[in-house]
Amino acid sequence: MKFLDIGEVAAQSGIRPSALRYYEKAGLISSVSRHGMRRQFPPEVLLQLKLISMGKAAGFQLAEISGMFGRNGMPDLPRDVLHRKADEIDRQIHELTALRDTLRHVADCRAPSHMECPTFRRLVDVAGRHGKKRGNTEKSKARGNLPPS
């Protein structure tokens, strides 16, 4: 089997060698040997790195991602966790869509002043209510009353 040295992995994955060393220290990936001072990785590390990048993009913490690999380094993806994360992303999409629509309305509003626009005032009220809810949720998480998202 041909192994990839850390430079080849960095070139093929677009991930800096320092990040690869960090991922190895964190237990996300494993080198199999060294050639001189350079770490050697199995070709499967490229798939692992793609999954790590996808997990980070989805908002998973590295500790959560490390739990998604079995002892052999191959994915062992907990479907219930993935469903919860997908639901969380759906909520974020909904909130961001509403925010985008609000910004577009504010930018295009024909009222002489935004404060004279009933739609703008309603949108501000709604945003304020969501901010209170989000703030209370974050306080509860900080106190340990809710699981981290």
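For clarity, every value in this text was computed on a predicted model and none was experimentally measured. (Residues numbered from 1 in each chain as written. Predicted model: local features only at pLDDT ≥ 70, side-chain atom pairs only at ≥ 80, totals over all residues. Heavy atoms only, no water.)

Let us now look at the nonpolar core. Note that soluble globular proteins tend to have their nonpolar side chains buried in a common cluster. Counting residues in each nonpolar core, the largest one holds 20 residues, and the members touching the most others are Val 9, Leu 20, Tyr 23, Ile 29, Val 45, Leu 49 and Ile 52. For this core, the secondary-structure elements that each account for two or more residues are helix H1 (6-13), helix H2 (17-25) and helix H3 (45-57). For this core, the element with the most residues is H3, which contributes 5 residues. Apart from the residues within four sequence positions on either side, Leu 20 is in contact with Ile 6, Val 9, Ala 10, Ile 15, Ile 29 and Leu 49. (Core = buried A, V, L, I, M, F, W, Y, C linked by side-chain atoms within 4.5 Å. Buried < 20%, exposed > 50% of the residue type's maximum accessible area, 1.4 Å probe, protein only. Helix = DSSP H or I, 4+ residues; strand = E, 2+ residues; numbered from the N terminus. Contact = heavy atoms within 4.5 Å.)

A few words on the pattern of salt bridges. By the definition in use, this model includes 6 salt bridges. Between Lys 2 and Glu 8 there is a salt bridge whose closest N-O contact spans 3.6 Å. Look at Glu 8 and you get partly exposed, because its relative accessible area is 30%. A salt bridge links Arg 100 to Asp 101; the shortest N-O distance between them is 2.9 Å. Residue Arg 100 is classed as partly exposed on the basis of its relative accessible area of 39%. (Salt bridge = Lys/Arg side-chain N within 4 Å of Asp/Glu carboxyl O.)

The next thing to look at is the side chain of Glu 24. In this structure, Glu 24 sits in helix H2. Judged by relative accessible area, Glu 24 falls into the buried class, the value being 19%. Within polar-contact distance, the side chain of Glu 24 engages the side chain of Ser 31 at 2.4 Å. Sequence-distant contacts of Glu 24, that is, excluding residues within four places in its chain, are made with Ile 29, Ser 30, Ser 31, Arg 39 and Phe 41. (Polar contact = N/O pair within 3.5 Å; in protein donor to acceptor, adjacent residues only side chain to side chain.)

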